[in-house]
Amino acid sequence: MPKKIKYSQLVFIHILLGIGVYIIPGFAKLILPVIILFFLILLLSSNNKNDEALMGAAYIMGFEVLSRMTGTSISYEFAKYAVIGFLFMGMFYRGFHRKSWPYIFFIFLLVPGIVLSAINLNYGTNVANAIGFNLSGPICLAISALYCYDRKMPFEKFQVILMCVFLPLITMVTYLYFYTPDLRESLRGTGSNFAASGGFGPNQVATILGLGAFILFSRLLTVNNKLINLIDLGLLGMLTYRAIVTFSRGGVITAIVCIVFFLFYYYKQIDASKKAKLLPRISVILGVLAITWGVSVFYTSGLIVNRYSNEDAAGRLKQDITTGRGILIETELSAFYDNPIMGVGVGKAKEYREERTGIDLATHNETSRMLSEHGLFGIAGLLVLFFAPLIFRRKVKTNFFFYSFLAFWFLTINHSSMRIAAPAFVYGLSLINFVSFKEKKNIKR
């Protein structure tokens, strides 16, 4: 990001962009091309010296849900392809770590499922679309991991990467406040609230806002600047409130889990003087979050409490806490039991489910999808994704975001699959190795 622009100015610019997206029809269509051009110029002019590829990928990932919400994305999966493209260009300049080979192996494990899909998919099904919808996420994850694996950078630079993620979320949340100014008019019970989510999928909106809230929480503990802290505290309340009122629990609960992991490992890694300052900061943050929850309860007339208690509007306990996801997982596991070696092929699980149950819905769980569509190759792929970062962590323990980001990836793919690029990209960020400026200068070349 240009050094001359202050943080407060960046926040103000993104608020103005959100207002512009709401007021001016078609304005959002201009933003994505400008973003891509801006980061391409930065990347090419600097030869990716400062990880501009990662900055561009981070910003596009953060902008993805807003582009879908406003119907301005070039294609549904465009953000994932753009992330892959930027990181490929970054690796062209700076390469990737030779020990990241498990992720190349992971990509090869996906190939049999692709071949099988061309054979098994129903006549008339667009094979390319089916493969792109289901595999753009895993491929995006593999490329993110290849780029980030043991990539050394100072924590200050990593903070810039995280800022690139949540700045477009400021634009999105501003748009949401204008889109649904009176929340009570949109309430129809305790189900997911599309009106409060900009008319788009509440699950995806809550997921990306939850990630933004977690990043802001971490900044409040790691950035020592009173003005920036006050701005971040206000943004934390804004993002958290809009995440809660989507009535989609997955993204909010995931953010809470990430915060718990972060607090534990950050506390272990900092010195005594920083530990002493931690409790007052946490108390203020928790106070703001408690007020945000109270405001959410008030403006939803208490229905949000019913939602998190798994009750309907009348206070009756719902039988299915998974909100229909259970049957999706059952059919995918059934497909795996019927085809344990090769699976049914990429994209075929949806057709299998429709043939067996009449339910025409795509998966919400990446784990069960990998089993059903890739069989034993899917199991091998999941083992790679679980154990490769844990083995890496045994040697490199500088990244105190590691378990938070890994938790975000795992929890998100199990309630929202890989519909958006966020879990794939964040998985990669867990593999970055923080170094100090002094340590960086002492590296022998």
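Whatever comes next refers back to the structure up there.
Conventions and cut-offs
- The residue numbering used here restarts from 1 in each chain and proceeds along that chain's sequence as written.
- For a predicted model such as this one, the threshold for reporting local features is a pLDDT of at least 70, and the threshold for listing and counting side-chain atom pairs is 80 or more; totals across whole chains, interfaces and linings nevertheless cover every residue.
- Calculation of side-chain values draws on the structure's entire complement of heavy atoms; hydrogens and water are dropped beforehand.
- Going along the chain from the N terminus, every DSSP run of H or I of four or more residues is numbered as a helix, and every run of E of two or more is numbered as a strand.
- Using C-alpha atoms as the atom set, the radius of gyration is obtained and then compared with a globule rule of 2.2 Å times the number of residues to the power 0.38.
- Contact criterion: two residues are considered in contact whenever any of their non-hydrogen atoms come within 4.5 Å of each other.
- All accessibility values rest on the Shrake-Rupley procedure with a 1.4 Å probe; residue burial counts only the protein chains present in the view.
- Among the buried residues, those of types Ala, Val, Leu, Ile, Met, Phe, Trp, Tyr and Cys that are joined through side-chain atoms within 4.5 Å form a nonpolar core.
- Buried, partly exposed and exposed residues are distinguished by accessible area as a fraction of the type maximum, computed with a 1.4 Å probe on protein chains only: under 20%, between the cut-offs, and over 50%, respectively.
- The residues that make up patches have over 30% relative accessible area and no salt bridge, and they are joined within 9 Å when like-charged or within 5 Å when they are Val, Leu, Ile, Met, Phe, Trp or Tyr.
- Note on definitions: salt bridges are taken to be side-chain nitrogens of Lys or Arg within 4 Å of carboxyl oxygens of Asp or Glu.
- Pairing of N or O atoms within 3.5 Å defines a polar contact, subject to two protein rules: one partner must be a possible hydrogen donor and the other a possible acceptor, and residues neighboring in sequence count only if both atoms are side-chain atoms.
- Residues scored as charged are limited to Lys and Arg (positive) and Asp and Glu (negative), so that His and the chain ends carry no count.
- The location of each charge is read from NZ of Lys, CZ of Arg, CG of Asp or CD of Glu.
- Ring geometry is summarised as follows: Phe, Tyr and Trp rings, the Trp one being its six-membered ring, pair when their centres sit within 6.5 Å, and such pairs are stacked at plane angles under 30 degrees, edge-to-face over 60 and tilted between the two.
- Whenever a helix is involved, its axis is fitted only over the stretch in contact; in every case the axis is a line through C-alpha atoms, and angles between N-to-C directions fall within 0 to 180 degrees.
- Reported orientations rely on four angle classes, namely roughly parallel under 35 degrees, roughly antiparallel over 145, roughly perpendicular from 65 to 115, and oblique for the rest.
- Each crossing gets its hand from how the near helix is turned against the far one by less than a right angle, where anticlockwise is left-handed and clockwise is right-handed.
- Just so you know the grouping, Ala, Val, Leu, Ile, Met, Phe, Trp, Tyr, Cys and Pro go in nonpolar, Asp, Glu, Lys and Arg go in charged, and all remaining residues, Gly too, go in polar.
- The span expected for a helix works out to 1.5 Å for each residue beyond the first.
- Two axes enter the definition of the bend at a residue: one is fitted to the seven residues ending there, the other to the seven starting there, and the bend is the angle between them.

**A look at the overall build of the protein chain**
(1) Moving on: Across its full length, the protein chain holds 20 helices and two strands.
(2) Moving on: Whereas a compact globule of 445 residues would reach a radius of gyration of roughly 22 Å, the protein chain reaches 22 Å, a difference of no more than 12%.
(3) Moving on: Across its three principal directions, the C-alpha atoms of the protein chain cover 65 × 60 × 45 Å.
(4) Moving on: For the protein chain, contacts bridging at least 24 residues in sequence account for 80% of all contacts bridging at least 6.
(5) Moving on: Per element, the accessible surface of the protein chain, about 19600 Å² overall, is 66% carbon and sulfur.

**Comments concerning the nonpolar core**
Proteins that are soluble and globular tend to have nonpolar side chains buried together.
(1) Moving on: Grouped together as the largest cluster of nonpolar side chains are 128 residues, with contacts concentrated most on Leu-54, Met-61, Phe-158, Phe-401 and Leu-429.
(2) Moving on: The contact partners of Phe-158, leaving out residues within four places of it in the chain, are Met-153, Phe-401, Phe-405, Leu-429, Ile-432 and Phe-434.

**So, a nonpolar patch on the surface**
(1) Moving on: Together, Leu-383, Phe-386, Phe-387, Leu-390, Ile-391 and Phe-410 make up a nonpolar patch on the protein surface, roughly 520 Å² of accessible area in all.
(2) Moving on: Considering each element in turn, the nonpolar patch owes the most residues, five residues, to helix α17 (residues 376-395).
(3) Moving on: Along the chain, Phe-386 falls in helix α17.

**With respect to the environment of Thr-174**
(1) Moving on: With respect to the helices and strands, Thr-174 occurs in helix α8 (residues 155-179).
(2) Moving on: Of the residues examined, Thr-174 reaches a relative accessible area of 6% and is grouped as buried.
(3) Moving on: Separated by 68 residues in the primary sequence, Thr-174 and Arg-242 place their C-alpha atoms 9.9 Å from one another.
(4) Moving on: If near-sequence neighbours (up to four positions away) are discounted, Thr-174 is found in contact with Ile-15, Gly-18 and Ile-19.
(5) Moving on: At a separation of 2.7 Å, a polar atom in the side chain of Thr-174 contacts the main-chain carbonyl oxygen of Ile-170.

**Overview of the pattern of salt bridges**
(1) Moving on: Applying the stated criterion across every chain, the model contains 13 salt bridges.
(2) Moving on: Two residues, Asp-51 and Arg-151, come together in a salt bridge whose shortest N-O distance is 4.0 Å. Taken together, the positions of Asp-51 in the loop between α2 (27-46) and α3 (52-69) and Arg-151 in the loop between α7 (127-148) and β1 (152-153) put the pair 100 residues apart, joining distant regions of the chain.
(3) Moving on: For Asp-51, a relative accessible area of 0% puts it in the buried group.
(4) Moving on: Taking relative accessible area as the criterion, Arg-151 reaches 7% and is therefore assigned buried.

**A closer look at a positive patch on the surface**
(1) Moving on: On the surface, a cluster of positive charge is contributed by Arg-98, Lys-99, Lys-268, Arg-394, Lys-395 and Lys-397.
(2) Moving on: By the element assignment, Lys-395 lies in helix α17.

**Topic: the side chain of Ser-416**
(1) Moving on: Here Ser-416 shows up in the loop between α18 (402-413) and α19 (422-429).
(2) Moving on: Sequence-distant contacts of Ser-416, that is, excluding residues within four places in its chain, are made with Asn-203, Gln-204, Thr-207 and His-364.

**Some points on the packing of aromatic side chains**
(1) Moving on: This structure, assessed with the given rule, holds 40 aromatic pairs.
(2) Moving on: Measuring from centroid to centroid gives 6.1 Å for Phe-214 and Phe-401, while their planes differ by 80 degrees, and the two rings are edge-to-face. Of this pair, Phe-214 sits in helix α9 (residues 202-222) while Phe-401 sits in the loop between α17 and α18; the two residues are 187 residues apart in sequence, bridging distant segments of the chain.
(3) Moving on: Their ring planes at 20 degrees and their centres at 5.2 Å tell us that Phe-401 and Phe-405 sit as a pair that is stacked.
(4) Moving on: With a relative accessible area of 1%, Phe-405 lands in the buried category.

**Structural notes on the packing of helix α5 (residues 101-109) against α17**
(1) Moving on: Two elements in contact, α5 and α17, have axes whose closest approach is 9 Å; the angle formed by their N-to-C orientations is 165 degrees. In terms of orientation, α5 and α17 fall into the roughly antiparallel class. Pair α5 / α17 crosses with left-handed handedness. Across from Pro-102, Tyr-103, Phe-105, Phe-106 and Leu-109 in α5, the residues of α17 making contact are Phe-377, Ala-380, Gly-381, Val-384, Leu-385, Ala-388 and Pro-389.
(2) Moving on: Residue composition of the contact of α5 with α17, grouped by class: eleven nonpolar, one polar and no charged.

**Remarks on α7**
Since the α-helix advances by 3.6 residues per turn, residues separated by three or four positions end up pointing in the same direction.
(1) Moving on: The first and last C-alpha atoms of α7 sit 31 Å apart over 22 residues, in line with the 32 Å expected at 1.5 Å per residue.
(2) Moving on: The axis of α7 is deflected most strongly, by about 45 degrees, at Leu-135, and proline Pro-138 appears within four residues downstream.
(3) Moving on: The element α7 is largely enclosed, with a buried count of 17 among its 22 residues.
(4) Moving on: With its phi angle positive at about 55 degrees, Asp-150 sits one or two positions after the end of α7.

**A closer look at unusual backbone geometry**
(1) Moving on: Located in the positive-phi region is Asn-47, a residue other than glycine, with phi close to 55 degrees.
(2) Moving on: One can find Asn-47 in the loop between α2 and α3.
(3) Moving on: In the Ramachandran plot, Phe-247 falls in the positive-phi region, its phi being about 65 degrees despite a non-glycine side chain.
(4) Moving on: Inspection of the secondary structure assignment puts Phe-247 in the loop between α10 (226-244) and α11 (249-269).
(5) Moving on: Take Phe-247: its relative accessible area is 0%, and that puts it in the buried class.

**Observations concerning the packing of α9 against α10**
(1) Moving on: For the pair α9 and α10, interaxial distance at closest approach is 9 Å and the crossing angle is 155 degrees. Classified by the interaxial angle, the pair formed by α9 and α10 is roughly antiparallel. As for how α9 packs across α10, the hand of that crossing is left-handed. Along its contact with α9, which presents Ala-206, Leu-209, Gly-210, Gly-212, Ala-213, Leu-216, Phe-217, Arg-219 and Leu-220, the element α10 presents Ile-228, Asn-229, Asp-232, Leu-233, Leu-235, Leu-236, Leu-239, Thr-240, Arg-242 and Ala-243.
(2) Moving on: In terms of residue class, the contact of α9 with α10 is built from twelve nonpolar, four polar and three charged.

**Observations regarding the environment of Met-153**
(1) Moving on: When you line up the elements, Met-153 lands in strand β1.
(2) Moving on: A residue is classified by how much of its surface remains accessible, and Met-153, at 0% relative accessible area, is buried.
(3) Moving on: Sequence-wise, Met-153 and Ile-432 are 279 residues apart; in three dimensions their C-alpha atoms are separated by 7.5 Å.
(4) Moving on: For Met-153, the contacting residues outside a window of four places in its chain are Asp-51, Leu-54, Phe-158, Ile-432, Asn-433, Phe-434 and Val-435.

That is the geometry; function is a separate question.
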